[in-house]
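So you can see what is in the structure, the chains are spelled out below.
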Amino acid sequence: MRRAKAAIGFMLIVGCMPITITAQADDSLIPANMVYIGYVPSVMGLDGGEPATASNSSAAYSQRNRTPASTFHDESPAHMVFLDPYLIDKYEVSNKNYKDFIKLTGHSAPAYWDDPRLNRPELPVVGVSWNDARTYCEYVSKRLPTEAEWEKAARGPHGNLYPWGNDFDPARANFGKTHEATMPVDSYPDGVSFYGLHHMAGNVFEWVSDWYDPRFYSRLEPMVNPTGPSKPVWLGGTGTYVDFLTLGEKRVIRGGSWIAPEATLRATHRFWNHPSN
């Protein structure tokens, strides 16, 4: 699915791509509601190590970010990656899709399943853990994208900072409580990426397959089909009540959410969550 909701009020969902990948962009071989991303070298990360300052960061998000300083410099250095061609979902996984999965498998419903703000069929499913996301992807014969695959799909062949280009436009994404909650998975057509993916910025955070390591980019090898750290990194505590959120081994989440601040919409922005949350 390309996401889930955590207790402090940000969202993730799940993003999937097929396990079997086509070698050529033959439209007849591309499943419905998926897009083909070919073999084009792409840039990942951002040089400088100084994330852009958000003008409207929420208190909850700020509290969650009270973590070791190294996590604020996790987007650098910029580096080239070379990925095999792949297919990826055009839309976030909807409540309708996830409901079908629950009915046919008996899988437990996610958090907030009964929240009327979030549970309409056309909205992205939220409250999904990384483990739930992986199970759903296996059910539909797909998998979670790697962090590199996600970023390439968001930035396009020119390495845009945002899905739509290099200039920020608040009208192209659902973030910072612009709306009361999430928006339909096919909304914001002006905010799609070069490859045509919706909501690669805002709406709900999205799980990827990788473990989170704030220093991973500085020692990235090889740069061909990177899959993230081979084992998780333990994030230290802050000595505050938010240690429940910041301690431990995390998976990467991407894309920002309807409640998260502007800085999270940049396609290079990395964040994390516990895989069982």
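Use the structure listed above.
Residues numbered from 1 in each chain as written. Predicted model: local features only at pLDDT ≥ 70, side-chain atom pairs only at ≥ 80, totals over all residues. Heavy atoms only, no water.

Quick one: what's the story with the overall build of the protein, residue by residue and with numbers?
When you go through the protein residue by residue, the secondary structure sums to five helices and twelve strands. Across the 277 residues in the protein, those meeting the buried criterion constitute 56%. Accessible surface, the protein: about 11600 Å² in total, of which carbon and sulfur atoms supply 54%. (Helix = DSSP H or I, 4+ residues; strand = E, 2+ residues; numbered from the N terminus. Buried < 20%, exposed > 50% of the residue type's maximum accessible area, 1.4 Å probe, protein only. Areas by Shrake-Rupley, 256 points an atom, 1.4 Å probe, with all protein chains shown as cover.)

Describe helix α4 (residues 147-155), with residues and values.
Note: α-helices contain 3.6 residues per turn, so residues at a spacing of three or four share the same orientation. Within α4, nine of the nine residues are buried, which leaves it mostly tucked inside the rest of the structure. Along α4, the residues that are buried comprise E147, A148, E149, W150, E151, K152, A153, A154 and R155. Positive phi appears at G156, one or two residues downstream of α4, with a value of about 75°.

I'd like a rundown of unusual backbone geometry, residues and numbers included.
Cis geometry marks the peptide bond from S76 to P77, where omega comes out at 0°. Structurally, the position occupied by P77 is in the loop between α1 (59-64) and β5 (79-81). Not every positive phi belongs to a glycine, and Y188 is a case in point at roughly 55°. Note on placement: Y188 falls in the loop between α4 and β8 (205-211). Y188 sits in the buried class, given a relative accessible area of 16%. Look at H199: it is not a glycine, yet its phi comes out positive at around 55°. Assignment of secondary structure puts H199 in the loop between α4 and β8.

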